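Results of the structural survey
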Amino acid sequence: MSKVTVVGAGNVGATCANVIATREIADEVVLLDIKEGVAEGKMLDIFQTATLMDFDTKLTGVTNDYAATAGSDVVVITSGMPRKPGMTREELIGVNAGIVSSVVENVLKYSPKAIILIISNPMDTMTYLALKKSGLPKNQIFGMGGALDTARFKCYLSKALNANSNEIEGMVIGGHGDTTMIPLAGKAAYKGIPVTELLSKEELDKVVADTMVGGATLTKLLGTSAWYAPGAAAAYVVESIIRDQKKVIVSCTALDGEYGQKDICIGVPAVIGKNGVEKILSLNLTADEKALFEKSAEAVRKTNAVLKEINAL
Ligand SMILES: NC(=O)C1=CN([C@@H]2O[C@H](COP(=O)(O)OP(=O)(O)OC[C@H]3O[C@@H](n4cnc5c(N)ncnc54)[C@H](O)[C@@H]3O)[C@@H](O)[C@H]2O)C=CC1
Ligand SMILES: O=C([O-])CC(=O)C(=O)O
């Protein structure tokens, strides 16, 4: 029996729970929120699609009742405030640091062995905070950003190439921020053909720029940040853990010398299986890519430093 808890029954959390349920990724999904009745209502609503969508995942919604989450294999943390148009993810740190800290503490009381996946923004810093506060081994707690940014990169590449996005290889490493993410255009390929041979420099530069502000573009269109792709990306990571698929997914994980970095959580390609982050892959980065990674890490460190200033760490 596999059990997944999703904390935060808002746009991203409910979408993630819905994808896990409809794709039967876990036997049981618990959705938890502090807002009275919301998680219960959303899970009942999703349950009423079971006969229409043909799934039989067990679904439970609870208001702040962590006992119901006991024995979870994976816990996805989406609780916290989303940004509004014009804001950066980093501006959410003051509100979300307290929420993420208290949620991680509560989750661990009932599921000390759960693999914890952080979604709340600013995600790289929230992952660092959760890792430091919990004292968990680094494989057990990591963040989702790269799975989503990579999906967006492939989406924009497929538009530029007029090709099927599932036939495109590519990844986005670095921080999950408007200016910190690094779409690796030089390593992306369509059916083995480097995209640098298929698109002009201008076209490729536009794909990279659109990918980096992918979240901001949607926030402007929607008035709040996105949820379909974020929820699906979180469920994609959960599936690799629950089914021990060992997929290589860019994940925000603690580095200890890899990529020349220490004491930071940032996006790098990692093998994701039943133990969470099972291995970090070492990419052969060009000098330019290395410089971008260093700049990205510096920016993430700057946001991490705010945790001390606001007494969150
Ligand atoms: N890492 C990533 O790739 C992405 C991260 N995000 C982030 O995910 C977070 C959630 O976004 P949305 O779902 O759109 O927001 P939302 O406002 O729709 O939902 C957040 C939910 O968290 C709940 N919540 C707040 N404090 C809580 C607590 N202490 N315990 C339990 N629940 C609590 C709220 O009641 C609300 O229902 C935001 O911080 C957003 O920036 C969003 C998209 C992608
Ligand atoms: O843009 C945001 O604030 C939410 C997010 O992280 C994303 O959709 O990439």
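Residues numbered from 1 in each chain as written. Chains lettered and ligands numbered in written order. Predicted model: local features only at pLDDT ≥ 70, side-chain atom pairs only at ≥ 80, totals over all residues. Heavy atoms only, no water.

All right, on to the packing of aromatic side chains then. Per the counting criterion, the structure on display carries two aromatic pairs. With centroids separated by 5.6 Å and ring planes inclined at 45°, the aromatic side chains of Trp 227 and Tyr 228 adopt a geometry described as tilted. (Phe/Tyr/Trp six-rings, centres within 6.5 Å; stacked < 30°, edge-to-face > 60°.)

Here the focus is the domain arrangement of the protein chain. Accessible area lost during the coming together of the parts is what is often quoted as the interface size. Here the protein chain is described as being made up of domain 1 (3–145) and domain 2 (146–309). Taken over C-alpha atoms, the centre of domain 1 sits 21 Å from the centre of domain 2. Listed as interface residues are 41 residues of domain 1 and, on the opposing side, 54 residues of domain 2. Of the roughly 3700 Å² buried between domain 1 and domain 2, counting both surfaces, carbon and sulfur atoms make up 65%. There are four salt bridges connecting domain 1 and domain 2. Note that Asp 178 and Arg 83 form a salt bridge whose closest N and O atoms lie 3.1 Å from each other. Viewed at the interface, domain 2 and domain 1 are joined by 14 residue pairs in polar contact (both at pLDDT 80 or more). Elements represented by at least two residues in the side of domain 1 that touches domain 2 include exactly helix H1 (11–22), strand E4 (74–77), helix H4 (93–110), strand E5 (115–118), helix H5 (123–134) and strand E6 (141–143). For the side of domain 1 that touches domain 2, the element with the highest residue contribution is H5, accounting for nine residues. Along the lines of polarity and charge, the residues of the side of domain 1 that touches domain 2 split into 23 nonpolar, eight polar and ten charged. (Domains from an automatic or database assignment. Contact = heavy atoms within 4.5 Å. Buried area = accessible area lost by both parts, 1.4 Å probe. Salt bridge = Lys/Arg side-chain N within 4 Å of Asp/Glu carboxyl O. Polar contact = N/O pair within 3.5 Å; in protein donor to acceptor, adjacent residues only side chain to side chain. Helix = DSSP H or I, 4+ residues; strand = E, 2+ residues; numbered from the N terminus. Nonpolar A, V, L, I, M, F, W, Y, C, P; charged D, E, K, R; others polar.)

We now examine the UniProt feature "binding site: NAD(+)" (unreviewed entry) in the protein chain. The sites that UniProt annotates as "binding site: NAD(+)" (unreviewed entry) are Gly 8, Ala 9, Gly 10, Asn 11, Val 12, Gly 13, Asp 33, Asn 96, Ile 119, Ser 120 and Asn 121. We classify Gly 13 as buried; its relative accessible area is 0%. Here Gly 13 is in contact with Val 6, Gly 8, Leu 31 and Thr 78, once residues within four sequence places are set aside. Following the sequence through the fold, Asp 33 ends up in strand E2 (residues 28–33). Beyond its immediate sequence surroundings of up to four residues, Asp 33 is in contact with Gly 8, Ala 9, Gly 10, Ala 39, Val 62, Thr 63 and Asn 64. (UniProt positions renumbered as here; feature names shortened; annotations may be inferred. Buried < 20%, exposed > 50% of the residue type's maximum accessible area, 1.4 Å probe, protein only.)

To continue, consider the site of ligand 1. Val 12, Asp 33, Met 81, Asn 121 and Met 144 are the nearest of the 26 residues found near ligand 1. One of the backbone nitrogen or oxygen atoms of Met 81 is found 2.8 Å away from an oxygen atom of ligand 1. In the model, a nitrogen atom of ligand 1 is placed 2.8 Å from a nitrogen or oxygen of the Met 144 main chain. Bound to the protein, ligand 1 loses 90% of the 870 Å² it would expose on its own. Those elements that provide at least two residues to the shell around ligand 1 are H1 and H4. (Near = heavy atom within 4 Å. Areas by Shrake-Rupley, 256 points an atom, 1.4 Å probe, with all protein chains shown as cover.)

Together, Glu 24, Asp 27, Asp 54, Asp 56 and Asp 73 make up a negatively charged patch on the protein surface. Mapped onto the secondary structure, Asp 73 falls in the loop between strand E3 (58–63) and E4. (Patch = residues over 30% accessible without salt bridge, like charges linked within 9 Å, V, L, I, M, F, W, Y side chains within 5 Å. Lys, Arg positive; Asp, Glu negative; His and termini not counted. Charge placed at Lys NZ, Arg CZ, Asp CG, Glu CD.)

As a matter of local geometry, ligand 2 sits amid Arg 83, Arg 89, Asn 121, Leu 148, Arg 152, His 176, Gly 215, Thr 219 and Ser 225. A distance of 2.8 Å separates an oxygen atom of ligand 2 from a polar atom in the side chain of Arg 89. Within the side chain of His 176, one N or O atom sits 2.6 Å away from an oxygen atom of ligand 2. When isolated, ligand 2 has an accessible area of 260 Å², and the protein chains bury 95% of it. When residues of the shell around ligand 2 are traced back to their parent elements, those giving at least two are helix H6 (146–161) and helix H8 (214–222). Counting residues domain by domain, the shell around ligand 2 receives three or more from each of domain 1 (3–145) and domain 2 (146–309).

Time to look at the sheet that holds strand E10 (residues 189–190). Taken in spatial order, the three strands of this open sheet run E7-E10-E11, and their pairing is antiparallel. Both outer strands of the open sheet, strand E7 (168–169) and strand E11 (193–194), are each paired with one neighbouring strand and no more. Direction of pairing for E10 relative to E11: antiparallel, over a ladder of two bridges. In the strand pairing of E11, Tyr 190 is matched with Ile 193. (Pairing = 2+ DSSP bridges.)

What follows concerns the pattern of salt bridges. If charged atoms from side chains of opposite charge come close, those side chains can pair. Applying the stated criterion across every chain yields a total of 13 salt bridges. A salt bridge links Lys 246 to Asp 244, with the shortest nitrogen-to-oxygen separation between them at 2.9 Å. You can call Lys 246 partly exposed: its relative accessible area is 38%. By relative accessible area, Asp 244 is classed as partly exposed at 27%. One salt-bridge network, in which partners are shared between bridges, spans Asp 244, Lys 246, Lys 274 and Glu 278.

Moving on: the UniProt feature "binding site: substrate" (unreviewed entry) in the protein chain. As recorded in UniProt, the feature "binding site: substrate" (unreviewed entry) lies at Arg 83, Arg 89, Asn 121 and Arg 152. Not counting the four nearest positions on each side in its chain, Arg 83 is found in contact with Thr 88, Arg 89, Leu 92, Asp 178, Gly 215, Ala 216, Thr 219, Thr 224 and Ser 225. Separated by 3.1 Å, the side chain of Arg 83 and the backbone oxygen of Met 87 make a polar contact. Looking at the element boundaries, Arg 152 is found in helix H6. Arg 152 sits in the buried class, given a relative accessible area of 9%. Setting aside its immediate chain neighbours within four residues, Arg 152 contacts Arg 89, Thr 211, Gly 214, Gly 215, Leu 218, Ala 226 and Pro 230.

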